[in-house]
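Chain by chain, the residues:
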Amino acid sequence: MKNTVRRFWQIVSKPSVHLSFGFLTMGGFIAGIIFWGGFNTALEATNTEEFCIGCHEMHDNVYVELQETIHWQNRSGVRATCPDCHVPHNWTDKIARKMQASKEVWGAIFGTIDTREKFLAKRGELAQHEWDRLTANNSLECKNCHNYDSMDFNMMSERARVQMKMAAERDQSCIDCHKGIAHHLPENMNSGDGMLAKLEAMATSGYQVGQAYYSVRQLPMFTDSTLTTEAGQLNAATKVTILDVKGDAIQIEIDAWRKTKGFGRVLFEDFAMNINDGYLTKEVAQSDQYMQQGESKEDDLTGLPWQKVAVTLWLRNGSLTDSRDRLWQFAKTTYDTSCSVCHTQPAEAHFDTNTWPGMFNGMLSFVNLDGDTQALVLKYLQKHSSDFADGAH
Amino acid sequence: MTISRRSFLKGIAATSAAGLIGPSLLQQAVAAASESPGQWQVSGSHWGAFRARVYAGKVQEIKPFEADSYPTEMLKGIKGIIYSPSRIRYPMVRYDWFLKRHQSDTKQRGDNRFIRVTWDQAIDMFYQELERVQTQYGPWALHTGQTGWRQTGQVHSCGNHMERAIAMHGYSVKKVGDYSTGAGQTIMPYVLGSTEVYAQGTSWPLILKHSKTIVLWGSDLVKNLQVGWNCETHEAYEYLEQLKEKVAKKQIRVISVDPVRTKTQKYLNCEQQYVNPQTDVPFMLGIAHTLYSEKLHDENFLKTYALGFEDFIPYVMGKSKDKVEKTPEWAESICGIAADDIREFARLLAKQRTQIIFGWCVQRQQHGEQPYWMGAVIAAMLGQIGLPGGGISYAHHYSSIGVPSTGAAGPGGFPRNPDNPDDRIHKNNDFKGYSSTIPVARWVDAIIEPGKKINANGATITLPDLKMMVFSGCNPWHHHQDRNRMKQAFQKLETVVSVDFTWTATCRFADIVLPACTQWERNDIDLYGSYSSRGIIAMHKLVDPLFQSKTDFDIFTLLAKRFGKDKAYTQGKGEMEWVKQLYDECAQANKGKFEMPDFATFWQQGWVDFGKGENWTRQADFREDPEINALGTPSGFIEIFSRKIDRYGYDDCQGHPMWFEKAERSHGGPGSDKHPIWLQSCHPDKRLHSQMCDSEAFRATYTVQGREPLYMNPKDAAQRGIKDGDLVRVFNQRGQLLAGAVVSDDYAPGVARLQEGAWYGPESEAIGALDTYGDPNTLTMDIGTSQLAQATSANTCLVEIEKYQGDAPAVTAFGGPVEIS
């Protein structure tokens, strides 16, 4: 091998004996053009809708789904084809994406998703790749056509206006909210449970160790990275700090308080405030292995002893967001809509943190909220109660 | 299938005729012969679902919905609501207000003289007044928060429409709480961690299976379960029927604690424990004393699930506060129950599985927080909370609570809030130091004493200086207390708008009155069974809006159009689009759990049936694991002593339940020397609050000489020379009314009843004028229950009754305004 390289170097480093300098330079140039042109033609050929739907995996699944959407047919006749959204428009990114795509060729040859069932099973993973990519580039392909600056907010419905203005101010990534806009959502996100799907769609993709995140919904916790022994449940909108990421598992720390009457299984966000952060199994709650115990003091309003704790446990990767405001926005909309069907919903700051659970529990029979949304809305109300608002009433 | 003689004969006639004439002609002939003309259509109501035969543009006949096995008699009143002479026909404006607008002579308010205007004029005036109040004063001067029982239907729900449209124009003063359960819903979150009054209760099948004793504490199930917040299913009556059987077989002992023999007591043929009015707390303290002294209380339960028992029991044993030991003998002197009977009662509760079921009446009195709290303490001492057929509940009489729930989602509603809360014509949100939210029953206080600071639920409320009020499908001239005080207050208001389909007393005291149509003159959708979620009911429009009436949707779209927000208001959708949208969203929410047909199929079938639900035990999860399933109280446990309430420092609602003497109390209490008879104003048997009082023929089935019946004891009647069927004058220092006496042993001596919701019909607009029909709130007291809830105290009311002499004035309550032209 080493000899071959040396011989090759000897040949190319010698001046040419038989060919003219002109031929070599011009010919090289022309050959380069031909090669480059061919490459690009071939590349562009792979960049057409026709090519994309050439294999039945694409044709029978995502392509037919696209045809049901506004990106396929609309009153102005502008159609988004596959590469418009899925292939980056600048060259380096395009080449990078094409190299990634070789995996798709492999998949096509070996039949990884050659049936609808296989495709559906794999959809979550495939979608996650695209979401990650769009999150990383701040939804660049969407923004090639849709531009915040060009939007006339006055022409939007009132609801859209509120959301879009907020998004524009932060130059928010479109995919944060518009997952599933051109193809169906993965099944677990669209199982008739619209609320849950919306929450899941708020999850951030990719985490940084040492950073704080918030759970978008209730999540099971485990004692170690194998995610086998259940340690309890993390409540929605709970702040966690990521300590470690190991494949599918992430290690988190929760800084919380607990009441020490009973087994001390329930975690609360702050001293003497019944804002639920989650609960632990009896074993975990009473084991020093996962619990770091801090100061203790008595809550004067109930006479119960409270203790500060730091809990270290593991979660399955996913369902965390870096922005609690986004969760609050969702919770507020849900509260305003669901709790005003029968009566005017009380202002958030009308009650204090520890009164809200009683008021909220007492009215739940009348609203259609799943457990995750209930937990989130209650936490929103508590975090915006008179304890946190200035000049309530 | 059973074949009636009639249908059999018709069948024979049809077959024999078939030989003579052709088949197509025959079918028509059969249809005509077998049914009265017209179309049968489905609709719903607070009184249940029904099918109506519509012919020649008129509702001809109403029959109960086939899925309703226990329809209420009140369905007979529906037609009379649609075709009532009290219907509002045209937009009307009070005569003097029409001349001078907001500078009108408000002393004329209530003289019922109105002038007819066009819709355009009326909406212009409405809009101009909103503009004037927002610019001249600000949001603190406008109160739109008083909302009530509306007509059913989730798209046209009138409060939602009014509040959405007004909110798109500007901010206004809102309320918290309601007239039905104000004290209960405020105290119970501190004690049991939920409002309780609106929470699902243990399922009836479990109560029937496990309870040995059922105590109905001021709860008249049979009377009150006739109506529901949404379309009522009456499923609970099936279980009451089974309970009746078990009572007869002596398998369950049911005791009704009540000064009156209730409809339920008579239906079940069960026992009564008489108690003096308003003295439930002394009775309960006597019970607690017995349980504690005889060690019948469950110490383990108290230790595990409750806090503060040790701070409470010294009060019972005479070691704290008033230093009076609350022995059964002490209780006897107040509540009128023999000390030994109190002991027996306590022992019975502790002996076996006991379900205590409270009604709402006892919390609609001064210190109404106390009996509810004390009931929870008794239940905690018995230690059966969280067991099937044990513990305590506060709402088994309401909207079929206790019927197992399917858990299906119901349709949402037309949005009450603007889609963008910041997008209003008037952005001024400065309430100038006044409170923007007030306890629901304190708005008349606000009009009379603006700027006054009152305590409410741990906060200080500054009563706003109200100048304008808007009511929609809401009749405070029925549900608020003390009419003559209201008259005084309304003289201070500049402008009052009332939107309704019928000329209530609220319209009489308003300036601009807009005619809405009834719920049967529009298309809508509703949940079938508020708590059982039995299904979804289609509400077909039966007839077009009568006279010049319009749907609430159309009325407030017109208003929103005045300030350019009609498109935002309707979201560009019409009535049927909204109905379909609510249905489709509901179907989406139920996907995978309950299959629902497409909208067209549903609309044609008239309903979707989700079937029967699952049994459930209240607080069972808490009993199983009080740490994870903590209650919503500050501590997460049952709070027998609330440090939080204690810290508020109120004298009329302290750290634990206590006995407080009332401002007025019969049977030897304060004021009974002057006005000896206690007047209870419970929910009516033949109306839904004030709804259906305007249904003429149906009203005639229960009135006495055209007046509201006043129920009283034979001895009380004899003493006053009153006979059954006499006209009587009922009066006290606050007011006077005419009613028709019904003399009955069901009422204990010193106890009388006028059912609330009887329409107010004053002889004139003058303060103190005689009410000609019999509205109990002519006589009731307008004070808060305590500084905690500030709720209504309607059941703290003493009166005197006399036979009415001379010519009785005509009833003025019905038939609409006096039209000036």
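Residues numbered from 1 in each chain as written. Chains lettered and ligands numbered in written order. Predicted model: local features only at pLDDT ≥ 70, side-chain atom pairs only at ≥ 80, totals over all residues. Heavy atoms only, no water.

S.K.: How should I be thinking about the overall build of chain A in this particular structure?
M.R.: Counting its regular elements, chain A contains 14 helices and 10 strands. Here chain A, with 393 residues, has 44% of them falling under the buried criterion. Of the contacts made within chain A by residues no fewer than 6 positions apart, 63% connect residues no fewer than 24 positions apart. For chain A, the exposed area adds up to about 21300 Å²; of that, 57% sits on carbon and sulfur atoms. (Helix = DSSP H or I, 4+ residues; strand = E, 2+ residues; numbered from the N terminus. Buried < 20%, exposed > 50% of the residue type's maximum accessible area, 1.4 Å probe, protein only. Contact = heavy atoms within 4.5 Å. Areas by Shrake-Rupley, 256 points an atom, 1.4 Å probe, with all protein chains shown as cover.)

S.K.: How should I be thinking about the packing of aromatic side chains in this particular structure?
M.R.: Two aromatic rings are characterised by how far apart their centres lie and by the angle between their planes. Scanning the model with the defined rule gives 55 aromatic pairs over all chains in all. A centroid spacing of 4.8 Å and a plane angle of 65 degrees characterise the contact between Phe414(B) and Trp578(B), whose relative ring orientation is edge-to-face. With Phe414(B) in the loop between β13 (391–393) and β14 (437–439) and Trp578(B) in helix α24 (residues 575–590), this residue pair connects regions lying 164 residues apart in the sequence. Neither Phe414(B) nor Trp578(B) differs from the other in exposure class; each is buried. With a centroid separation of 5.6 Å and an interplanar angle of 90 degrees, the aromatic rings of Tyr528(B) and Trp607(B) are classed as edge-to-face. Taken together, the residues Tyr528(B) in strand β20 (residues 524–528) and Trp607(B) in strand β22 (residues 607–609) connect sequence positions 79 residues apart. The same class applies to Tyr528(B) and to Trp607(B), which are both buried. Members of the aromatic cluster, each reached through a chain of ring pairs, are Trp149(B), Tyr198(B), Trp229(B), Trp360(B), Tyr398(B) and Tyr531(B). The ring of Phe271(A) carries the charged tip of Lys297(A) above its face, separated from the ring centre by 4.4 Å. Over the aromatic face of Phe731(B) sits the side chain of Arg729(B), whose NZ or CZ is 4.1 Å from the ring centroid. (Phe/Tyr/Trp six-rings, centres within 6.5 Å; stacked < 30°, edge-to-face > 60°. Lys NZ or Arg CZ within 6 Å of the ring centre and 35° of its normal.)

S.K.: What's the story with the domain arrangement of chain A in this structure? I'm lost.
M.R.: How large an interface is tends to be reported as the accessible area lost when its parts come together. Residues and elements named next belong to chain A. Annotation of chain A at the domain level lists domain 1 (52–176), domain 2 (206–321) and domain 3 (324–388). On a C-alpha basis, the centres of domain 2 and domain 3 stand 23 Å from each other. Facing the 17 residues of domain 2 at the interface are 15 residues of domain 3. Of the roughly 1300 Å² buried where domain 2 meets domain 3, counting both sides, 54% is carbon and sulfur surface. Of all residues in domain 2, the largest losses of buried area upon contact with domain 3 belong to Ala237, Asn274 and Ile275, amounting jointly to 33% of the total for that side. Counting across the interface, domain 2 meets domain 3 through 4 salt bridges. Asp372 is the salt-bridge partner of Arg217, the closest N and O atoms lying 3.8 Å from each other. Mapped by element, the contributors of at least two residues to the side of domain 2 that touches domain 3 are β1 (212–215) and β7 (273–280). Ranked by residue count, the leading element in the side of domain 2 that touches domain 3 is β7, at 5 residues. When the residues that make up the side of domain 2 that touches domain 3 are grouped by side-chain class, the tally is 7 nonpolar, 7 polar and 3 charged. (Domains from an automatic or database assignment. Buried area = accessible area lost by both parts, 1.4 Å probe. Salt bridge = Lys/Arg side-chain N within 4 Å of Asp/Glu carboxyl O. Nonpolar A, V, L, I, M, F, W, Y, C, P; charged D, E, K, R; others polar.)

S.K.: Help me understand the packing of helix α12 (residues 280–293) of chain B against helix α16 (residues 339–351) of chain B in this model?
M.R.: How two helices pack is summed up by the angle between their axes together with the distance between the axes. Residue and element names in this part refer to chain B. Two elements in contact, α12 and α16, have axes separated by 9 Å at closest approach and are oriented at 65 degrees. Here α12 lies roughly perpendicular to α16, going by the angle between them. Between α12 and α16 lies a crossing of right-handed hand. Between α12, through Phe283, Gly286, Ile287, Thr290 and Leu291, and α16, the contact on the second element is made entirely by Ile342, Arg343, Phe345, Ala346, Leu349 and Ala350. (Axes fitted to C-alpha atoms, helices over the stretch in contact; angles between N-to-C directions. Parallel < 35°, antiparallel > 145°, perpendicular 65-115°, else oblique. Left-handed = near helix turned anticlockwise from the far one by under 90°.)

S.K.: What is the right way to look at empty space enclosed by the protein in this model?
M.R.: Left-over empty space is what a probe sized like a water molecule reveals as it rolls over the atoms. The final tally for this structure, using the stated rule, is 7 cavities of 30 Å³ or more. For the largest cavity, the full set of lining residues is Lys259(A), Lys261(A), Val266(A), Phe268(A), Pro626(B), Glu627(B), Ala630(B), Ser635(B), Gly636(B) and Phe637(B). A per-class count over the lining of the largest cavity returns 5 nonpolar, 2 polar and 3 charged. Considered as a void within the structure, the second largest cavity measures approximately 70 Å³ in volume. In this structure, the second largest cavity is lined by 13 residues; those nearest its centre are Thr147(B), Gly148(B), Arg150(B), Gly159(B) and Arg416(B). In terms of residue count, the dominant contributor to the lining of the second largest cavity is helix α6 (residues 158–169) of chain B (3 residues). Looking at the lining of the second largest cavity residue by residue, the classes come out as 4 nonpolar, 7 polar and 2 charged. (1 Å grid on protein atoms, 1.4 Å probe; cavity = no way out; pocket = protein on both sides within 12 Å on 5 of 7 lines; lining within 4 Å. Points joined across faces, edges and corners; volume = space filled by probe spheres on them.)

S.K.: What am I meant to see in the pattern of salt bridges here?
M.R.: In a structure, side chains of opposite charge can pair up when their charged atoms sit close to one another. Residues and elements named next belong to chain B. For the structure on display, the rule yields 64 salt bridges over all chains. Between Arg94 and Asp511 there is a salt bridge, with the nearest N and O atoms lying 2.7 Å from each other. Taken together, the residues Arg94 in strand β4 (residues 92–94) and Asp511 in the loop between α21 (505–508) and β19 (512–515) connect sequence positions 417 residues apart. Note on accessibility: Arg94 and Asp511 belong to one class, buried. A salt bridge links Asp685 to Lys263, with the shortest nitrogen-to-oxygen separation between them at 2.8 Å. Residue Asp685 is found in the loop between β24 (677–680) and α28 (696–699), and its partner Lys263 is found in helix α11 (residues 263–268); the two are separated by 422 residues along the sequence. On the basis of relative accessible area, Asp685 is assigned to the buried category, the value being 14%. Looking at Lys263, the relative accessible area reads 32%, which means it is partly exposed. Here the salt bridges do not stand alone but share partners, grouping Glu73, Lys263, Asp685 and Lys686 into one network.

S.K.: How should I be thinking about the packing of α12(B) against helix α15 (residues 328–335) of chain B in this particular structure?
M.R.: Residue and element names in this part refer to chain B. Their axes nearest at 8 Å, the elements α12 and α15 cross at an angle of 165 degrees. Accordingly, the angle class assigned to the pair α12 and α15 is roughly antiparallel. α12 and α15 meet at a crossing whose hand is left-handed. Taking contact as the criterion, the partners of Pro282, Phe283, Leu285, Gly286, His289 and Thr290 in α12 are, on α15, Pro328, Trp330, Ala331, Ile334 and Cys335. Class assignment for the residues of the contact of α12 with α15 results in 8 nonpolar, 3 polar and no charged.

S.K.: How should I be thinking about the pairing of β20(B) in this particular structure?
M.R.: Regular strands have side chains that alternate between both faces of the sheet. All names here are of chain B. With respect to burial, β20 is a largely interior element, 5 of its 5 residues being buried. Bridge analysis of β20 against strand β21 (residues 535–539) gives 5 bridges, and the strand direction is antiparallel. Within the sheet, the bridge partner assigned to Asp526 lies in β21 and is Ile537. The hairpin turn running from β20 into β21, its antiparallel successor, is 6 residues long, and Gly529 in that turn takes a positive phi close to 95 degrees. (Pairing = 2+ DSSP bridges.)

S.K.: Even after reading the chapter, I still don't get the side chain of Thr223(A), so can you show me in this structure?
M.R.: When you line up the elements, Thr223(A) lands in the loop between β2 (219–222) and β3 (230–234). Note on Thr223(A): relative accessible area 13%, which makes it buried.

S.K.: When you look at the sheet that holds strand β25 (residues 709–712) of chain B in this model, what are you seeing that I'm missing?
M.R.: Neighbouring strands of a sheet are bound in pairs by backbone hydrogen bonds; such pairs are parallel or else antiparallel. Residue and element names in this part refer to chain B. Judged by pairing direction, the barrel is mixed, and its 6 strands sit side by side in the order β24-β28-β25-β27-β26-β29 before closing back on the first. Sheet twist, expressed as the mean angle between neighbouring strand axes with direction ignored, is 45 degrees. With 2 bridges connecting them, β24 and strand β29 (residues 798–803) associate as antiparallel partners. Within β29, the residue paired with Trp678 across the bridge is Leu798.

S.K.: Please clarify how the sheet that holds strand β3 (residues 58–64) of chain B should be interpreted in this entry.
M.R.: All names here are of chain B. One open sheet accounts for 3 strands, arranged β1-β2-β3; its pairing is antiparallel. The open sheet is flanked by β1 (39–43) and β3, the only strands paired with a single partner. The sheet shows a mean angle of 30 degrees between the axes of neighbouring strands, taken without regard to direction. As judged from the 6 bridges shared by strand β2 (residues 50–55) and β3, these two strands associate in the antiparallel manner. Of the residues in β3, the one forming a bridge with Val54 is Val59.

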